[in-house]
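As a plain string of letters, each chain reads:
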Amino acid sequence: MAVVADVAAGTLVVVLAMALLLAPLVSSNSEGDALYALRKSLSDPDDVLQSWDPTLVNPCTWFHITCNQDNRVTRVDLGNSNLSGHLVPELGRLEHLQYLELYKNNIQGTIPSEFGNLKSLISLDLYNNNISGVIPPTLGKLKSLVFLRLNDNRLTGQIPRELVKISSLKVVDISNNDLCGTIPTTGPFEHIPLNNFENNPRLEGPELQGLALYDTNC
C-alpha cells in the first residue's frame, strides 16, 4: 500500500508540474484566439495581418504584436493600416494589454463594453475611424488608463461620468463626434482643454455642478 501511495503521490507531483508549465501556454493560446477573432472581423487589403497564424503556440511572433517576458500580449500596434471591419469583444481577454493602437483605419461598429476588462490598459487609441454608438461606461474600470483618444469618429450619447474616477487619465480627446450633454469638470477632466471636446454639435459645454443635469440635450 505504501508503494502505491508513493506512486500516486509521484504521479500527482508530475501532473501538477505539467499544469504549471502549460498554464502560460494556455493563457497565450487564449490571447491568440482573441486576436485571431479580431483578424477574422477585419478586412485587410494590405495583408498586414498575414503573420497572424492561430496554429502557433502564442501570438508573440506575429507582426504588430508585442509581448512581455511571460509571453503575454502587451501591445497591439495597427494604426494607419488600411483596416476596415469591426472591433470584437474577445479583445477584453487581453488582461496584460497596455497599448491598443487602432487609429486611422476605417473601423466601424461600436466599442465593446468588454474593453472595460483590459485592466492593464494605458493607451486606447481609436481615433480617425468610423466608430459609432456610445462610449462604454465600463471604460471607467480602466484604472491605469492615461491616454483615451476617440476623436474623429461617429460616437453618440453622453460622456460617461465613470471616466472621472480614473485618476491616472491625462489625455482625453473626443472631438469631432456627435456626443451630447455636458463636459465633466471634475477629476482628470479638470485639466483637459476644451478644444479636445469641440465639434460635437450637441455637446453643451462644461457642466455646472449642482445647477444642471449632465444629460441635457441628449
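A quick note: this is a predicted structure, and the numbers were derived from the prediction, not measured.

Peer 1: Is there a simple way to think about the state of the cysteines in this case?
Peer 2: Cysteine pairs can be linked by a disulfide, which is a covalent bond between their two sulfur atoms. Applying the stated criterion to the full structure yields 2 disulfides. What pairs with Cys 60 in a disulfide is Cys 67, and their sulfur atoms sit 2.2 Å apart. Judged by the sign of its S-S torsion, about -95°, the cystine formed by Cys 60 and Cys 67 is left-handed. Each sulfur in the disulfide pair Cys 180 and Cys 218 lies 2.0 Å from the other. Across the disulfide from Cys 180 to Cys 218, rotation about the S-S bond amounts to roughly 110°, and the bridge is consequently right-handed. Separated by 38 residues along the polypeptide, Cys 180 in strand 12 (residues 178–183) and Cys 218 in the segment after strand 13 (202–206) bring together distant segments of the chain. Of the residues examined, Cys 180 reaches a relative accessible area of 2% and is grouped as buried. Residue Cys 218 is classed as partly exposed on the basis of its relative accessible area, which comes to 46%. When the cysteines of the protein chain that form disulfides are numbered from the N-terminus onward, they connect as 1-2, 3-4.

Peer 1: How should unusual backbone geometry be read in this particular structure?
Peer 2: A negative phi holds for most residues other than glycine; trans holds for most peptide bonds. A positive phi angle, close to 60°, is found at Asn 82, a residue other than glycine. With respect to the helices and strands, Asn 82 occurs in the loop between strand 3 (73–77) and strand 4 (84–86). Judged by its relative accessible area of 44%, Asn 82 is partly exposed. Of note, the phi angle at Asn 199 is positive, near 60°, even though the residue is not glycine.

Peer 1: What's the story with the pattern of salt bridges in this structure? I'm lost.
Peer 2: The tally for this structure, following the rule as stated, stands at 6 salt bridges. Note that Arg 72 and Glu 31 form a salt bridge whose closest N and O atoms lie 3.3 Å from each other. Here Arg 72 is found in the loop between strand 2 (65–67) and strand 3, whereas its partner Glu 31 is found in helix 1 (residues 2–41), with 41 residues between them in sequence. Glu 31 shares its class with Arg 72; the two are buried. Asp 178 is paired through a salt bridge with Arg 202; the nearest N and O atoms lie 3.5 Å apart. Of this pair, Asp 178 sits in strand 12 while Arg 202 sits in strand 13, placing them 24 residues apart in sequence.

About the cut-offs
Residues numbered from 1 in each chain as written. Predicted model: local features only at pLDDT ≥ 70, side-chain atom pairs only at ≥ 80, totals over all residues. Heavy atoms only, no water. Disulfide = S-S within 2.5 Å. Helix = DSSP H or I, 4+ residues; strand = E, 2+ residues; numbered from the N terminus. Buried < 20%, exposed > 50% of the residue type's maximum accessible area, 1.4 Å probe, protein only. Salt bridge = Lys/Arg side-chain N within 4 Å of Asp/Glu carboxyl O.

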